[in-house]
Structure formats: structure tokens, C-alpha cells
Amino acid sequence: MQVSLERMENVLRPHCRLLNASEVLDFDASLVSLGVDSIEVVQLIIAIEDEFAVQIPPRLLTAETFATANTVLAAVGSLVSVSEDSAQEARS
Amino acid sequence: MKSWGHLEEVAGRLSAISRSQFQSVFEKFEWPESLPSDCYWMSPELTSCYDTPVWDRLSEPEQIRLTQAESVNFFSLNVHLIRGLIGEVSDRIYTTRYPGLSDFFHDFIREENEHMWFFATFCQSYGGKVYPTRGFDGAAPAAHESVRDLMVFGRILIAEELCDVYNARMANDERLPLVAQRINAVHHEEESRHIAFGRQLMTALHDEAREQADPSELEAAGRYLARYISVCLRSFYNPSAYVDAALPEPLSIRGEVLRHPSRAAFHQSVMERTLKFFDRIGLPGRESIAW
Ligand SMILES: [Fe+2]
Ligand SMILES: [Fe+2]
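This one's a predicted model, so the numbers in the text were calculated from it and none came from an experiment.

Participant: Looking at this structure, I do not really get the coordination of the iron ion (ligand 2). What am I missing?
Facilitator: Under perfect tetrahedral coordination by four donors, a metal shows angles of 109.5 degrees; under perfect octahedral coordination by six donors, it shows angles of 90 or 180 degrees. At the metal site, the iron ion (ligand 2) is ligated by Glu 112 of chain B (OE), Glu 160 of chain B (OE), Glu 191 of chain B (OE), Glu 191 of chain B (OE) and His 194 of chain B (ND1), and these contacts range over 1.8 to 2.3 Å. Glu 191 of chain B sits in the buried class, given a relative accessible area of 1%.

Structure below.
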């Protein structure tokens, strides 16, 4: 499983309340400025966990992790590769 | 405004009741060493998987373990909600905006501090932990002070009324251990005062906002509270609880149950009372709730 930019954008977009459908999602833009406030971030966490079948650990539930699309991508990428590693270990 | 004057009167009456019924929280409960592992700790009808194919697939021991993990999750949610609301109320306790309410706020904080203690004691004694929150705190959006307070106290009222529906249903559920019944019963009783006050305060804030704030701000506040309702309802679906209950494929359960229409119907039923109140005072936003 891989965290592609496209897949991440599909998860993020519905939660960027201030981003129009026709606008490009800037992965370096502040998510707060795109409408991901403290309520929306909870919905976003659920959407990410369900889409990538991971659990975001409490140490990553911070404003820094959810600062931009890129910081979210990095955090989720690290979780997905960890869960792939453990799945591989379980198989071998 | 008439509603503000009435608010002080109501607060004074509720404070008097709170003080006359005072009993140390440390004497209110008997805490057994452990709870039986073969019985429900939460009413199964209130668990997040009930009335879905996931629930039907679970064996009886798995269903029982789910009620146990979710009782700890429910009480953990209460702990975090209380942490937040004590902060908001103490921020306002001696401000000029709420003269005449300081005494009530003192009683409110004392009671909530006690609630947080018994919820957390249950979680730690029988679940080994308080589940962490699945988000992080943030301020309500900037707006006219009446609208900002409407959002803050609206959040508090939504959380208190929602949890109270659960408390009321479990207060006399004899399938649960006595200590679990008692926690639900005590909380239900004391919250009735907070809810009475919260509704009066929301009425006053809404009157003030209608007079003083821009209508678009009031509409935005309604949508904000609608989103808060969706988030509150989803906090009952905690994958960590599914893991702790040793359910098969715990990480895919939340998605599956939340897609099932019976859950949306359940959500509407537990929020009905609060939404009727919001309709009555004329607070907009109901149509934007994601059930
Ligand atoms: Fe409480
Ligand atoms: Fe309360």
C-alpha cells in the first residue's frame, strides 16, 4: 500500500471547507487557512484512519502533524510503512 | 434583556440545591476490587456496533468485551469533555460579562471536578487507563462575543445532553455492575441542573446575538455546532476500544458500522431532545448535520 498524493488529496479535500472544487490543493498551505479547524480535524483523523487502515497514535495527534497536507502525508506515510513492515514480518 | 435576568435567578436556585444536597464524592461510591468479566458494563443497545451486521457477527463473549471497553471509552470521553468545559467556565468566572453567575460557576466547577474524578477512577480501576482524546483542543472561531459564547456553551450543552441520554438509560440497567449503574445515576441527577442552566444560558446568548451580532455570524455558529454534533457522535467509535475488546479486524469496524443506516437513525434519536431545544430558540444549522 502506498500513500499517493492523489489518494491523500481525495481524503483531505472534503475537509478543506474553504477550498473550492475548482481550486488546486496546495500541499504547503496551512490546513487551518483551508478550513480544517479543531472540529474538522477530528473528522479528518477518522477519514485518514479508515482510508489507510492505520491508527494515528496520540503522539502524532498534534497541530504540527496537521499543519499542512505535506505534514499529514509525511506522518501517514511513516505509519503506513510501519504497518506494512509488521504485516511482512507476520507473513515471514 | 429579560432572559439574562431570569438566568441569574435560575443559577441562584440551582446553586442552592447543589449546596443543600452536597455529599463528598469520596463517599458516594463503593469501588469493588474488580468487576465481573462475564457481564455487560454498558447497555449493549448503546454500544457503537449495535443493530449492525458487525454486532450480529460477534460472539457473545466478544459482545460482552465490547460493552466493557466501550464503557471505559464512554467514561473517558466524559473526562475529556469535562476538562474542556472546566477550562471555558473558569475563563469566565470573574469576568464582567457574567456578573451574578460566579457562585454558580464555582458550584459547577466543583461538581464537574467530582464527575471527572469518578469517571477517571472507573476507567483506571477497571480499564487500566483513560483513553486519550482523538483530537486536540482549539478555540471557537472569532465572532461577536455573544456568538462566540453561544458556540462555546453550545458545545458544552450538546456534550452534556448527549452523555445524559446514555447516563439516563444506564442508571437503572440491572445488567450492569452496581458501580457502573451508580455512576450513571449520580451523573444523570447532577447534570439535570447543568442542563437546565445551559439551556437558560443558551436562550439568553441567542437573544443577545440576535440583537447585537450580524445574522451571518449566527448562521455560521449554527453550522459550527452542527459539525460539533457530528464529531461528538463519532467519538463513541474508538478503534482502540475495538482492539482492547479483541474484536476481529478492529481497524475496519468503525468504517463499516458508520456506513450502516441504523447508526444514523440512532444518532438522530439520541440528539433529538437537544435539536428540539435548538429549534425552539431558533438556532439554525440542523440541516447541515452529517449524521
Ligand atoms: Fe458532569
Ligand atoms: Fe455538567
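After that view of the structure, there is still more to cover.
Participant: Is there a simple way to explain helix 4 (residues 102-127) of chain B in this structure?
Facilitator: Taking 1.5 Å per residue, 26 residues should reach 38 Å; helix 4 of chain B reaches 36 Å between its end C-alpha atoms and fits that length. Downstream of helix 4 of chain B by one or two residues, Gly 128 of chain B has phi in the positive range, about 75°.

Participant: Looking at this structure, how should I read the state of the cysteines?
Facilitator: Simply put, disulfide is the name for a covalent bond between the sulfur atoms of two cysteines. All names here are of chain B. Overall, the coordinates contain zero disulfides over all chains when judged by the stated rule. Not engaged in a disulfide, the cysteine Cys 39 finds its nearest cysteine sulfur in Cys 123; these two sulfurs lie 16 Å apart. Judged by its relative accessible area of 18%, Cys 39 is buried. Not part of a disulfide, Cys 232 finds its nearest cysteine sulfur in Cys 163, a span of 7.2 Å.

Participant: It is not clear to me how the coordination of the iron ion (ligand 1) should be interpreted in this structure. Could you clarify?
Facilitator: Residues and elements named next belong to chain B. At this site the iron ion (ligand 1) is bound by Glu 112 (OE), His 115 (ND1), His 187 (NE2) and Glu 191 (OE), with donor distances of 2.2 to 2.3 Å. For the iron ion (ligand 1), the donor residues sit on a single chain with the sequence spacing E-x2-H-x71-H-x3-E. Between the iron ion (ligand 1) and the iron ion (ligand 2), the interatomic distance is 3.3 Å, and Glu 112 donates to each metal, bridging them. With Glu 112 in helix 4 and His 187 in helix 6 (residues 178-212), this pair connects stretches of sequence that are 75 residues apart. Looking at Glu 112, the relative accessible area reads 1%, which means it is buried. On the basis of relative accessible area, His 187 is assigned to the buried category, the value being 3%.

Rules and cut-offs
- The residue numbers shown here count from 1 along each chain, following its written sequence.
- Chain letters and ligand numbers both follow the written order, the letters beginning at A and the numbers at 1.
- Per-residue local features are limited, in this predicted model, to residues with pLDDT of at least 70; the limit for side-chain atom pairs, both in listing and counting, is 80 or more; totals at the level of whole chains, interfaces and linings are taken over all residues.
- Remark: hydrogens and water are excluded; side-chain values derive from all non-hydrogen atoms of the structure.
- Note: metal donors comprise N, O and S atoms at 2.8 Å or less from the metal (3.2 Å for Na, K and Ca); water molecules are not included, so apparent gaps in a site are possible.
- Only protein chains enter the area calculation, which uses a 1.4 Å probe; residues under 20% of their type maximum are buried, those over 50% are exposed, and those in between are partly exposed.
- Comment: elements are numbered from the N terminus, with helices defined as DSSP H or I runs of at least four residues and strands as E runs of at least two.
- An expected span of 1.5 Å times one less than the residue number is assigned to each helix.
- Cysteine sulfur atoms are paired as a disulfide whenever they come within 2.5 Å of each other.

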